[in-house]
Amino acid sequence: MDPVRRSVNILELITVPPAISKGDYSITVCLHGQVTGNHGLPQTRLREIMAFADHFRALFLRQASPEMVEMVMTSVGIELFDTWLAPCWETLRQRLKPGETTLLSLRSPVPEIVHLPWELLLPPDGLPWGRDCNRCIRRRGGDPGQPVRFSHDLQHPPLQTVIHVATQHEDAHALRVAFQTMAKSITAPLSISVEPTGSFNGWVREVKHWQPHLVILQGTTMVRSGRGFFLFADEEGQADPKTGDEIMEQVLENTRVGCLIVCGRDLDHPPPWSATALLADDLARGGIPLTVAWPDRVHEGPGFVFLAAFLDALAHGATIDAALHRGGDLMARQANPNRQISWSIPMIFQ
């Protein structure tokens, strides 16, 4: 396991399901590859945590007062900390290198645990984890024993980006103009190609031609039989679902793509956390160095604010984490409290 850089604290939370149906989950906490603590997680307690997370996610479907939003987010953050880190926090504090970035690596074969809103995790010493510029998060499903290579840089310049829009509900021309206008506002070297037809074959041609550093898939995602699918379109305009494995094998193997963002949701529907996260996880395990699940629309509202700030930071040479923090800071200043919480949506897999 390679650290991001030598001075970074690598903090791992590994959660494994019980061997028997009524047993406890096992939580192992490691710092720099050494076990710091190990404690159990009763299944009843996990169900409580899931209920807290559902309460938070419901905020994206209805208006709530700033006080309610703050209360729910704080409650979720405290519950996550108390369950996973509190039993060994004092030991960790003594061993963490002060003043250095701390990377929290979340690993479990249980998708529901990996997909929890870990960005809200609230230690007793400051901001939620996802709002602290000295802290970052990586997720990984599957076998926790598999080695992970940590990274947070994209090698460019200029930053070549392909945005693929796969949706039947948008004006393709207007989207192309919006993204190109945004690109012109960025002063650093940045090249954006927008493929608005939704065609899988069209996207394949774009990726092969442009050889991008960054790929953004915006459209509809779904879950079937525990797998995530992105809905492209076939030559007749019908839905053409592809798994992360199929996308890797047919398009992204042997390319220079360093980061891929899976985003988008239908209006009046909740953000598809599991669908985008499962896809991002599969693509990360398939070989993409960094993937981001962004289960919301990136062409309007807080999504557009995030994307513009994110791309601007990347084009100026910022790391993935620094770019996400910059976009998150801008979203957190939105006047609508339900918009403010959008900073917590992006989930990085590696």
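So, a few notes on the structure that sits alongside this text.

Conventions used here
- Residues numbered from 1 in each chain as written.
- Predicted model: local features only at pLDDT ≥ 70, side-chain atom pairs only at ≥ 80, totals over all residues.
- Heavy atoms only, no water.
- Helix = DSSP H or I, 4+ residues; strand = E, 2+ residues; numbered from the N terminus.
- Rg over C-alpha atoms; globule rule 2.2 N^0.38 Å.
- Buried < 20%, exposed > 50% of the residue type's maximum accessible area, 1.4 Å probe, protein only.
- Areas by Shrake-Rupley, 256 points an atom, 1.4 Å probe, with all protein chains shown as cover.
- Lys, Arg positive; Asp, Glu negative; His and termini not counted.
- Charge placed at Lys NZ, Arg CZ, Asp CG, Glu CD.
- Core = buried A, V, L, I, M, F, W, Y, C linked by side-chain atoms within 4.5 Å.
- Contact = heavy atoms within 4.5 Å.
- Salt bridge = Lys/Arg side-chain N within 4 Å of Asp/Glu carboxyl O.
- Phe/Tyr/Trp six-rings, centres within 6.5 Å; stacked < 30°, edge-to-face > 60°.
- Lys NZ or Arg CZ within 6 Å of the ring centre and 35° of its normal.
- Pairing = 2+ DSSP bridges.
- Axes fitted to C-alpha atoms, helices over the stretch in contact; angles between N-to-C directions.

A separate point is the overall build of the chain. Secondary structure summary: the chain contains 11 helices and 14 strands in total. Here the chain has a C-alpha radius of gyration of 20 Å; the compact-globule value for 350 residues is 20 Å, and the two agree. Its C-alpha atoms put the chain at 55 × 45 × 40 Å along the principal axes. Residue burial in the chain is summarised as follows: out of 350 residues, 57% are buried. For the chain, the exposed area adds up to about 15000 Å²; of that, 50% sits on carbon and sulfur atoms. For the chain, the separation between the mean place of its 31 positive charges and that of its 38 negative charges on side chains is 4 Å.

Now for the nonpolar core. Within soluble globular proteins, side chains that are nonpolar tend to cluster in buried spots. The biggest cluster of nonpolar side chains holds 84 residues, and the ones touching the most others in it are Trp-84, Leu-85, Trp-118 and Phe-310. No other element matches helix α9 (residues 301-315), which puts eight residues into this core. Sequence-distant contacts of Trp-84, that is, excluding residues within four places in its chain, are made with Leu-13, Thr-15, Ile-27, Val-29, His-39, Leu-41, Leu-46, Ile-49, Ile-113, Leu-116 and Trp-118. Counting residues in each nonpolar core, the second largest holds 20 residues, with Phe-200, Trp-203, Val-204 and Leu-252 among its members.

This next bit is on the pattern of salt bridges. Taken as a whole and judged by the stated rule, the model has 15 salt bridges. Arg-285 is the salt-bridge partner of Asp-282, the closest N and O atoms lying 3.5 Å from each other. Of the two residues, Asp-282 and Arg-285 are both situated in helix α8 (residues 273-286); the distance of three residues between them amounts to about one turn of the helix. The class for Arg-285 is partly exposed, based on a relative accessible area of 43%. A single network of salt bridges, built from pairs that share partners, joins Arg-227, Asp-245, Asp-281, Asp-282 and Arg-285.

Comment: phi is negative for the bulk of residues other than glycine, and the bulk of peptide bonds are trans. The phi dihedral of His-32 is positive, around 55 degrees, even though this residue is not glycine. Along the chain, the position of His-32 falls in the loop between β2 (25-31) and β3 (34-41). The backbone of Ser-225 shows a phi angle near 55 degrees, a positive value even though the residue is not glycine. As for its placement among the helices and strands, Ser-225 is situated in the loop between β9 (221-224) and β10 (227-233). For Ser-225, a relative accessible area of 78% translates into the label exposed.

The next subject is the packing of aromatic side chains. All told, the structure shown has 10 aromatic pairs when counted by the stated rule. Ring geometry for Phe-200 against Phe-232: centres 4.9 Å apart, planes inclined by 75 degrees, an arrangement best described as edge-to-face. Here the residue Phe-200 occupies a position in helix α6 (residues 200-210), and Phe-232 occupies one in strand β10, the gap between them amounting to 32 residues. On the basis of relative accessibility, which here comes to 5%, the residue Phe-200 falls in the buried class. In this structure, Arg-131 packs its charged tip against the face of Trp-343, placed 5.6 Å from the ring centre. Cation over ring: Arg-135 sits above Trp-129, and NZ or CZ is 4.6 Å from the ring centre.

Across the sheet, which stays open at both edges, the three strands sit in the order β9-β10-β11 with antiparallel pairing between neighbours. One side of each edge strand has no neighbouring strand; the edge strands of this open sheet are β9 and β11 (239-243). Averaged over all pairs of adjacent strands, the angle between strand axes in this sheet comes to 40 degrees, irrespective of strand direction. Bridge count for β10 against β11 is five bridges, and the pairing is antiparallel.

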